[in-house]
Amino acid sequence: MISFYPGPSRVHDELSDWTKSAHKKGILSMNHRSTEFIALSKKTIKLLKNKLNIPNDYSVFFTSSATECWEVIAQSLIKNKSIHIHNGAFGEKWFDYTHRLKPEAESISFQFEKELNPKELTFNDGEIICLTQNETSNGTQVSNKIITAIKKNNPDRFIAVDATSSMAGIVLDFPSADLWFASVQKCFGLPAGLAIMICSPKVIRRMEEIGEKSHYNSLSLMKEMMDKWQTPYTPNVLGIYLLRCSARKMDNISRVDRTITKRQKDWASFFKNSKDLQLLIKNPDVQSRTVITVKGSPNLIGVVKAGAKKKGMLLGEGYGNLKKDTFRIANFPAIRKKEIKKLMEFLKTYR
Ligand SMILES: *Cc1c(COP(=O)(O)O)cnc(C)c1O
């Protein structure tokens, strides 16, 4: 079965080799305080910085999920108020989780066909502005350009970006925000259970100022451990090893971006003149490049999903209130060209 689900998604073909070699090399029982682990952790972060163009002075942390990152941000980086700008289920969930810990959190929603206007997003309170770069539930994105402009208009606030379904798929302009995070079961093409969080030096200073130390995953404790290339708890060592293997295989992100952008354009033109199946998002300026959401009648969507499954292709269910009349196609790097061709061949008859 080829999984086009936008997470967990198709994993790299090499995964069985990598896992076998992990077993052989003793990674599966590696002690997380050993010099071997420290070397693995250091190498993995170095590779990620290199392949994804992460600034050298940004810190990279391991967590277990993007959801954990939401919580770490809420507990360790927000004193009173965060501002959440969202247009879909994941951005909304981020707000919901934060709101439970920090009741002053503010929610600002926008229409998913609309490109954010940074001029309307200048704030004079709130400590941190939370954006979802790629909204996996509906297939929209906020461009690097807009993130940069929002940061410029709000020099006294931090910008935190959920890039769970785009990091390692497209170029992210890391200096344009202060904090980024993603879990690995989307564009990294790996099994779930690991995420990375990337923080600017400014975020580290802010963390020190707030001085929150009440949790096993308080950012201050994570930083203290990461200064020694370690984590407060026993991490997903296999996951980190697999991340290193995949990072090693990865092209530089600017090349990956070109492939992904071209494939997204191909999908857009595939559905351009179709009658029964159409892209949910019409505005090319906000269309996600890594998650393609296709809309149709509930009946047809059901038929297509079932038919694809019979042919060995798993399409992503529509998310939340889009469940009945959309399906989603992951446009992640681990998916092969011939697999996309096969899916297009199948979808042709239904367009
Ligand atoms: C998948 C996803 C999450 C949740 O990731 P977990 O690793 O399950 O916590 C959060 N945000 C976005 C945008 C996602 O696509």
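Keep in mind that what you see is a predicted model, and the values were worked out from it rather than measured. (Residues numbered from 1 in each chain as written. Predicted model: local features only at pLDDT ≥ 70, side-chain atom pairs only at ≥ 80, totals over all residues. Heavy atoms only, no water.)

*Asks:* Can you walk me through the overall build of the chain in this structure?
*Replies:* Looking only at helices and strands, the chain features 11 helices and 15 strands. Expressed as lengths along the three principal axes of its C-alpha atoms, the size of the chain is roughly 60 × 55 × 35 Å. Residues counted as buried form 58% of the 351 residues belonging to the chain. Long-range pairs, those at least 24 residues apart, make up 74% of the contacts in the chain between residues at least 6 apart in sequence. Accessible surface for the chain amounts to roughly 15,400 Å². Of this, 51% is attributable to carbon and sulfur atoms. (Helix = DSSP H or I, 4+ residues; strand = E, 2+ residues; numbered from the N terminus. Buried < 20%, exposed > 50% of the residue type's maximum accessible area, 1.4 Å probe, protein only. Contact = heavy atoms within 4.5 Å. Areas by Shrake-Rupley, 256 points an atom, 1.4 Å probe, with all protein chains shown as cover.)

*Asks:* So what exactly am I meant to see when it comes to the pairing of strand 9 (residues 179-183) here?
*Replies:* On a regular strand, one side chain projects to one face of the sheet and the next to the other, so that they alternate. Judged by how many residues are buried, strand 9 sits mostly within the fold: 5 of 5 residues are covered. Side chains of strand 9 alternate between two faces, with Leu179, Phe181 and Ser183 and Trp180 and Ala182 buried alike. As paired strands, strand 8 (residues 158-162) and strand 9 are joined by 3 bridges and run parallel to one another. The residue of strand 9 that forms the bridge with Val161 is Trp180. As defined by bridge partners, strand 9 adjoins strand 10 (residues 195-199) across 5 bridges and the pair is classed as antiparallel. Of the residues in strand 10, the one forming a bridge with Ala182 is Ile196. (Pairing = 2+ DSSP bridges.)

*Asks:* Where do I start with the site of the ligand in this structure?
*Replies:* Lining the immediate surroundings of the ligand are 14 residues, of which Thr67, Thr136, Asp162, Ser183 and Lys186 lie closest. Within the side chain of Gln185, a nitrogen or oxygen atom sits 3.1 Å from an oxygen atom of the ligand. Considering the ligand on its own, with 390 Å² of exposed area, one finds that the protein chains cover 86% of that surface. It is helix 3 (residues 66-77) that contributes the most residues to the shell around the ligand, 3 residues altogether. (Near = heavy atom within 4 Å. Polar contact = N/O pair within 3.5 Å; in protein donor to acceptor, adjacent residues only side chain to side chain.)

*Asks:* Explanation requested: the packing of helix 9 (residues 253-272) against helix 11 (residues 337-348) in the structure shown.
*Replies:* In contact at an axis separation of 12 Å, helix 9 and helix 11 are set at 10° when each is read in the N-to-C sense. Between helix 9 and helix 11, the angle is such that the two are roughly parallel. Touching Arg263, Asp266, Trp267, Phe270 and Phe271 of helix 9 are Lys337, Ile340, Leu343, Met344, Leu347 and Lys348, all from helix 11. For the contact of helix 9 with helix 11, a count of residues per class yields 7 nonpolar, no polar and 4 charged. (Axes fitted to C-alpha atoms, helices over the stretch in contact; angles between N-to-C directions. Parallel < 35°, antiparallel > 145°, perpendicular 65-115°, else oblique. Nonpolar A, V, L, I, M, F, W, Y, C, P; charged D, E, K, R; others polar.)

*Asks:* Help me out: how do you make sense of the environment of Ile253 in this one?
*Replies:* By secondary structure assignment, the location of Ile253 is in helix 9. We classify Ile253 as buried; its relative accessible area is 1%. Here the alpha-carbon distance between Ile253 and Ile150, two residues 103 residues apart in the chain, equals 24 Å. The residues touching Ile253, leaving out its near neighbours within four places in the chain, are Lys51, Leu52, Asn53, Ala168, Gly169, Ile170 and Val171.

*Asks:* Whenever I open this one, the sheet that holds strand 9 confuses me. Can you help?
*Replies:* The pairing of strands in a sheet comes from backbone hydrogen bonds and takes either a parallel or an antiparallel form. Within the open sheet, the 7 strands sit side by side as 2-10-9-8-5-3-4. Their pairing is mixed. Each edge of the sheet is formed by a strand with only one pairing partner; in this case those strands are strand 2 (59-63) and strand 4 (106-109). With direction set aside, neighbouring strand axes in the sheet form an average angle of 20°. Of the pairings in the sheet, the one linking strand 3 (residues 82-86) to strand 5 (residues 128-132) comprises 4 bridges and is parallel in character. Bridge pairing in strand 5 links Ile85 to Leu131. Docked against the sheet, helix 5 (residues 144-153) engages strand 5, strand 8 and strand 9, running at close to 155° with respect to strand 8. Those strands touched by helix 7 (residues 219-226) are strand 2 and strand 10, and its axis lies near 110° from that of strand 2.

*Asks:* Honestly, the state of the cysteines in this entry has me stumped. Any pointers?
*Replies:* In protein structure, a disulfide is the covalent linkage between the sulfur atoms of two cysteines. Following the criterion strictly, the structure yields 0 disulfides and no others. Of the cysteine sulfurs around Cys187, a residue in no disulfide, the closest is that of Cys69, at 16 Å. Summary of cysteine pairing: Cys199 is not part of a disulfide, and the nearest cysteine sulfur, belonging to Cys69, is at 8.6 Å. (Disulfide = S-S within 2.5 Å.)

*Asks:* Would you mind going over the nonpolar core with me for this structure?
*Replies:* Nonpolar side chains in soluble globular proteins tend to be buried together. If you look at the biggest cluster of nonpolar residues, it comprises 107 residues, and the most contacted ones within it are Met167, Phe188, Ile329 and Leu347. Split by domain, the residues of this core number at least three in each of domain 1 (2-8 + 252-350) and domain 2 (15-249). (Core = buried A, V, L, I, M, F, W, Y, C linked by side-chain atoms within 4.5 Å. Domains from an automatic or database assignment.)

*Asks:* Even after reading the chapter, I still don't get the sheet that holds strand 11 (residues 278-279), so can you show me in this structure?
*Replies:* Strands sit in the order 11-12-15-14 across an open sheet of 4 strands; the sheet is antiparallel. The strands lining the two open edges of the sheet, one partner per strand, are strand 11 and strand 14 (316-317).

*Asks:* I tried to follow the domain arrangement of the chain on my own but got confused; where do I start?
*Replies:* Interface size, as often reported, equals the accessible area lost upon joining of the parts. Parsing the chain into structural domains produces domain 1 (2-8 + 252-350) and domain 2 (15-249). In this assembly, 27 residues from domain 1 lie in contact with 28 residues from domain 2. Carbon and sulfur atoms make up 57% of the surface buried where domain 1 meets domain 2, a total of about 2,400 Å² over both sides. On the domain 1 side of the contact with domain 2, Ile253, Val286 and Tyr319 bury the most area, a combined 27% of that side's loss. Counting across the interface, domain 1 meets domain 2 through 0 salt bridges. Joining domain 1 to domain 2, the criterion identifies 14 residue pairs in polar contact (both at pLDDT 80 or more). (Buried area = accessible area lost by both parts, 1.4 Å probe. Salt bridge = Lys/Arg side-chain N within 4 Å of Asp/Glu carboxyl O.)

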